[in-house]
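Summary of structural features
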Amino acid sequence: MRIRATVAAVSGALALSALAVPAVQADEKPEAGFSVPSGADAFAAEPGAPAADARAARAVETPVIKKVVVNGGKNIVVGTKSKQKFTIAITASSPSGIEDAFAYLWHGHVDEVDGFLGPTQEFANCKVSADPTTSTCTVSVTVDPRSEDLYTSSLAGTWNVAAGALAATGGKDDFIWSDAHAKARVQRFSKLTVNASPEPVKKGKTLTVTGKLTRANWDTKTYKGYSKQSVQLQFKKKGAKSYSTVKTVKTSSTTGAERSSRKSHGSYNHARGSLVCSCEPRGSWIRWVPPG
């Protein structure tokens, strides 16, 4: 069986094993940690497999990685409870075709890795393109915020993507491997709530819209206030196709965003808060009572 996403779960930092470039001596790595797979680990031959002596009579065939796409090109957004599944697609080519591929995400420095997100499947799901020398191989990764996958909020941000591909020659040395072939963003999920009061509101009276913005805290597995973020207060009249922005405000240290408005639109209206982050806009319907 190949060594894939097997890591030794011990305390301390993580350490990349057998990195190709730059070379890191064993005595330079942290004493405590757990290793992540190298290319040789990912594509090691099955134990007891017969040696392919014919390889000695030819040059090693090295595939070429053309593209690596994580989560369809979107950021990976993780909260505090729900597991999130994403894919890593590796497109590679080699004269004999592609037999397999492997990839994972790692966070930290080349000599001290502090985060690892990898697949557990034994082989990638490879599909040959119209060109038989080229295939796109996909591996799936499941992130569980309740486990040690994301044990601290400091892991949010940019991660490195290690990726490799194995040529379909039957030779275990015919592979390409890159410890940092691409980048991916892992974000903490944010929640935005909106409430308008009083309801119903009368024409000419003040309507106050309040909201709360929180963000996943992976250390405590709870949601904490997300301050100093810009939030747009928007309104949409009944029948309107789009929202109009009333004002942009900043969330406070208590995570609140408040705005008073003396809008006197007729019928029913919809107010919402919106911001550019890993959360969905949230809104509140407002009932308007005509005078008299």
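Residues numbered from 1 in each chain as written. Predicted model: local features only at pLDDT ≥ 70, side-chain atom pairs only at ≥ 80, totals over all residues. Heavy atoms only, no water.

**Describing the pairing of strand β10 (residues 157-167)**
For β10, the buried fraction is high: 10 of the 11 residues fall into the buried class. The pairing of strand β6 (residues 98-109) with β10 spans 8 bridges and is classified as antiparallel. Among the inter-strand pairings, Asp-100 is bridged to a residue of β10, identified as Leu-166. Note: β10 against strand β11 (residues 175-188), 9 bridges, orientation antiparallel. Among the inter-strand pairings, Val-161 is bridged to a residue of β11, identified as Ala-182. (Buried < 20%, exposed > 50% of the residue type's maximum accessible area, 1.4 Å probe, protein only. Helix = DSSP H or I, 4+ residues; strand = E, 2+ residues; numbered from the N terminus. Pairing = 2+ DSSP bridges.)

**Things to note about the state of the cysteines**
A complete count under the given rule lists 1 disulfide for this structure. The disulfide partner of Cys-126 is Cys-137, and the gap between their sulfur atoms is 2.0 Å. Where Cys-126 bonds to Cys-137 through sulfur, the torsion about that S-S bond is close to 110 degrees, and the disulfide is right-handed. With a gap of 11 residues between them, Cys-126 in strand β8 (residues 125-128) and Cys-137 in strand β9 (residues 134-143) connect regions that are remote in the sequence. Taking the relative accessible area as the measure of exposure, Cys-126 reaches 25% and is therefore partly exposed. (Disulfide = S-S within 2.5 Å.)

**A word on the side chain of Arg-188**
Mapped onto the secondary structure, Arg-188 falls in strand β11. Although Arg-188 is buried, it forms no salt bridge, and the closest oppositely charged side chain is Asp-219 at an N-O distance of 6.2 Å. A distance of 3.4 Å separates a polar atom in the side chain of Arg-188 from a polar atom in the side chain of Ser-153. There is a polar contact of 3.1 Å between the side chain of Arg-188 and the backbone oxygen of Ala-216. (Lys, Arg positive; Asp, Glu negative; His and termini not counted. Salt bridge = Lys/Arg side-chain N within 4 Å of Asp/Glu carboxyl O. Polar contact = N/O pair within 3.5 Å; in protein donor to acceptor, adjacent residues only side chain to side chain.)

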